[in-house]
Amino acid sequence: MPASIIARNARILLPMLSFVAILLAVFWLQPRAMSYVGLNLLLNLALPIAFATIAQMFVITVNDLDLSLGAYVGFVACVAATWLAEQPLLGMAALAGGVLVYAAVGALIHLRNLPSIVVTLGMSFVWLGLAILVLPTPGGKAPDWLRALMTWKTPLVPFTIYALLALAVVVHLGLMRSAQGAVLRGVGGNPRSVERAGWSLLKAKMIMFAFAGLFGMFSGLSLVGLTTSGDANIALRYTLLSIAGVILGGGEFTGGRISPIGAVIGAMTLTLAGSFLSFLRLDPDWQIGAQGAILILVLALRVIINRAEARGL
Amino acid sequence: MQSTDRTLVEFDGVAKSFGAVKALAGVSLSIGAGQCLGLVGHNGAGKSTLMNILAGTLSASAGRFLVSGEDVSERYGVTAANRLGIRCVFQELSLCPNRSVAENARIMHPSLKGICWRRRAATLIGGMLDTIFPGHDIDPSQLVGDLSIARRQMVEIARAFSATDTPVRLVILDEPTSSLDGVLAGQLLAFVRDFVAGGGAVILISHLLNEILTTADRVVVMRDGGVVADRPASGFTQITLVESMGSVAQEQARREQRSASLTAELKISAAPAMQGDATTLVARRGEVIGLAGLGGHGQTEMLVRIFQGQRKAQAGITVSGNTAMVAGDRQSDGLFPLWSICENATIGSLARLTRGWLIDPRAETRMGEEWKQKIGIRTPDMANPILSLSGGNQQKVLFARALGSDADIILMDDPMRGVDIGTKQEVYGMLRQEAAAGRTFIWYTTEMDELKHCDRVYVFRNGRIVDELSGDSISGERVLHSSFETAA
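S.K.: Where do I start with the pattern of salt bridges in this structure?
M.R.: Oppositely charged side chains are able to pair whenever their charged atoms sit close together. The final tally for this structure, using the stated rule, is 19 salt bridges over all chains. Notably, a salt bridge pairs B:Arg439 with B:Glu434, separated by 3.0 Å at the nearest N-O pair. Grouping residues by exposure puts B:Arg439 and B:Glu434 together as buried. For B:Arg456, the salt bridge goes to B:Glu468, with nearest N and O atoms at 3.1 Å. Note that B:Arg456 is positioned in strand S20 (residues 456-461) and B:Glu468 in strand S21 (residues 464-470), a separation of twelve residues in sequence. Residue B:Arg456 is classed as buried on the basis of its relative accessible area, which comes to 12%. The class for B:Glu468 is partly exposed, based on a relative accessible area of 41%. Through salt bridges with shared partners, a single ionic network connects A:Arg185, B:Arg99, B:Glu103 and B:Arg118.

Encoded structure:
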């Protein structure tokens, strides 16, 4: 069915086109960005955002929303900049504990049938408080191995690009192509159907939230590797950026319709949009607003495409 | 009947109640391998509850339940049902719309994994579709959300019959042909006969009696949560089948005939959206009009059309007067679950309870108290949360909301669902009073007995009015005859 193939690809085509458009605009404004160093500077902050976006995507897949992600990434960053460097065992235990707490939050939301927005909003204060307890004032020092990994000089293109590619491919294979992933995504589409086929919804929610915790952890670690020090407030805006990234990448809030490749591209687009506006010499006061305008533009385009599709079918 | 050693599933006194409502009252029934069992009954007869127990999505409150002679009532569930080869096609479709056809097959079959699972799932479901519906044009890689309702139903049926590691032994088909056209329905029923001939068992639930009579070997009739007839299909005709479904001559306490004169003011004239001919629903001042027929055949849509027609002009609808709706599905359409009883009752009349442009709390409380007395809401304090009431009393609050408003036309969407008999009697009494005082009621009900309180009854089938009964001609049999297509 060619119509359905076009429809399916429109979902991934639009994020790709918006990314390419912004990338070309950046190159046009600043041709020197078209180099190894330039690309690295442009995109290195995309990696933590992409990890956070993928984490958010796992939660959105099961029709929930995680408003604690930014605070959690900040907590991970604080742990990484202190305990992980000084007492690696304690640090690792704390990070593993974070993932377990995420799974427990998933279980709580499912068992008590609570709105995830409320639970995770509450959790955001818990994570922020923990982060401040671990590292009361900005500072600390990233573990050397993390620093070395994030500044690794890879051949041809910067490490960030390899990492982003690997992230997109691994999550795509795991969630979109594997048999287990099909069931997990089914939970977002029609939970009753999945339950009637004999799967545990509780387990599915816990698994998806645990994955969100795991990728949120990667986000915090990569962020500390880049900035070399930690701060409890370092990633608060990641909560909304990650949601925007998922939606920009072709995902939807409900119904289990998501795309890992799109989410990674969405995160990259958001990062580039910031640089693009800087190259335009736009007053920083206006940048946040302008970033929002870009988001609205892309999402409006998607709505138009969806409507055209609905009329065509 | 087949010999007992081929009995596949046996229910022995299975009962199920939801709170105070008894859905199943001790059902004993057996299904043999190589048999197609037709299951018929009116709404609320307990068919779906029984099938949900068999599929493992509900557990029985009492009784024994045997599969292949083994008592499984203790540790039964969806997984056990799957392992024993029992599958169910539910009435409301249960596919994931965001997944492809092949991926939906995978959700049913845990063994479809490892590399190339996608191709194997596609082959499995595609092959089954080819077997049941030769000439279909469904591509297993299509998203279910992009398929028409009929195609989704085909996928769901094919998925239920597809087998991987455990053979399929019993398939429950709940209204499987409701969205299939004649050709597809014929293909399905032919396949059911083949499947049964190969030693499988099928339970077929349908409101198309000719389907049941031509396809099933045995027909079981359920009524009020019990089995009332269990005979070979050849022992039934459409007429006798309908008769055994209805209540047998319950002519007690017929409502006193009120002669709502034909000259009374015309309040409503409305045609269903899918009517197609000149039949219209007409209601006059002081009349109680019943909407009957099987659930989901356009009655609720009719009520909503009338409700909207009063606010915005619509083709085919004339309404003179204000309307108020009493919701049947309390949880989703009726209650504000976090509000107090009083607030829930007065929300429809707030315009009259103001002083200046603010709500007058005293007037609100007064109205709440007045209706507490009038309709007998059992609570110590109207300021208590609405959820502190029992289901029946919650429903009374919804009646109070409608009756307390200034509306002269009350639309009721099967409002007595899950309400105990005592409350029902009280509400029936109030309806009569209010109708005598000049209010008009449009009452959709799935309970035959309630139709006796109506002046006239319209029977709906497939979104159309197919019959109009009035006065003494209102009877359960007549409604059943019209709602099941007996003159097929």
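S.K.: Would you mind showing me how to read helix H14 (residues 260-279) of chain A here?
M.R.: Residues and elements named next belong to chain A. For H14, with 20 residues, the first-to-last C-alpha span of 29 Å sits near the 28 Å given by 1.5 Å per residue. Along H14, 17 of the 20 residues are buried, which leaves the element largely enclosed by surrounding structure. The positive-phi residue at the C-terminal boundary of H14 is arginine 281, with phi of around 60°.

S.K.: Is there a simple way to explain unusual backbone geometry in this structure?
M.R.: The phi torsion of most residues other than glycine is negative, and most of the peptide bonds are trans. Positive phi values are uncommon outside glycine, yet A:Arg281 reaches one of about 60°. Residue position: A:Arg281 is located in the loop between H14 and helix H15 (284-312). The exposure class of A:Arg281 is exposed, given its relative accessible area of 75%. In the Ramachandran plot, B:Glu175 falls in the positive-phi region, its phi being about 50° despite a non-glycine side chain. Mapped onto the secondary structure, B:Glu175 falls in the loop between strand S7 (170-174) and helix H6 (182-197). Given the relative accessible area of 11%, B:Glu175 is considered buried.

S.K.: Explanation requested: the sheet that holds strand S19 (residues 440-444) of chain B in the structure shown.
M.R.: Residue and element names in this part refer to chain B. The strand order across the open sheet formed by six strands is S15-S18-S19-S13-S20-S21, and the pairing between neighbours is mixed. In the strand order of this sheet, the two ends are held by strand S15 (323-326) and S21, each with one partner. Each adjacent strand pair in this sheet contributes to an overall mean axis angle of 20°, direction not counted. Relative to S15, helix H9 (residues 299-311) is tilted by about 150°, and along the sheet it contacts strand S13 (288-292), S15, strand S18 (409-413), S19 and S20. Set on the sheet, helix H13 (residues 391-404) makes contact with S15, S18 and S19; between it and S15 the angle comes to about 180°.

S.K.: How should I be thinking about the interface of chain B and chain A in this particular structure?
M.R.: A common measure of how large an interface is: the accessible area buried when the components associate. Contacts between chain B and chain A engage 29 residues on the former and 26 residues on the latter. Carbon and sulfur atoms supply 51% of the area that chain B and chain A bury against each other, a total of about 2,200 Å² over both sides. The largest share of the area that chain B buries against chain A comes from B:Asn98, B:Arg106 and B:Ile107, three residues that together contribute 23% of it. Linking chain B to chain A there are one salt bridge. One salt bridge in this structure joins A:Arg185 and B:Glu103, with 2.9 Å as the shortest N-O distance.

S.K.: Quick question: what am I supposed to make of the nonpolar core here?
M.R.: Nonpolar side chains tend toward joint burial in soluble globular proteins. Residues and elements named next belong to chain A. If you look at the biggest cluster of nonpolar residues, it comprises 100 residues, and the most contacted ones within it are Ile54 and Tyr72. Broken down by element, this core gets its largest block of residues, twelve residues, from helix H3 (residues 46-61). Discounting residues that sit within four places of it in the chain, isoleucine 54 has contacts with Leu167, Val171, Phe215, Pro260, Ala263 and Val264.

Criteria and thresholds
Residues numbered from 1 in each chain as written. Chains lettered and ligands numbered in written order. Predicted model: local features only at pLDDT ≥ 70, side-chain atom pairs only at ≥ 80, totals over all residues. Heavy atoms only, no water. Salt bridge = Lys/Arg side-chain N within 4 Å of Asp/Glu carboxyl O. Buried < 20%, exposed > 50% of the residue type's maximum accessible area, 1.4 Å probe, protein only. Helix = DSSP H or I, 4+ residues; strand = E, 2+ residues; numbered from the N terminus. Expected span 1.5 Å × (residues − 1). Pairing = 2+ DSSP bridges. Axes fitted to C-alpha atoms, helices over the stretch in contact; angles between N-to-C directions. Contact = heavy atoms within 4.5 Å. Buried area = accessible area lost by both parts, 1.4 Å probe. Core = buried A, V, L, I, M, F, W, Y, C linked by side-chain atoms within 4.5 Å.

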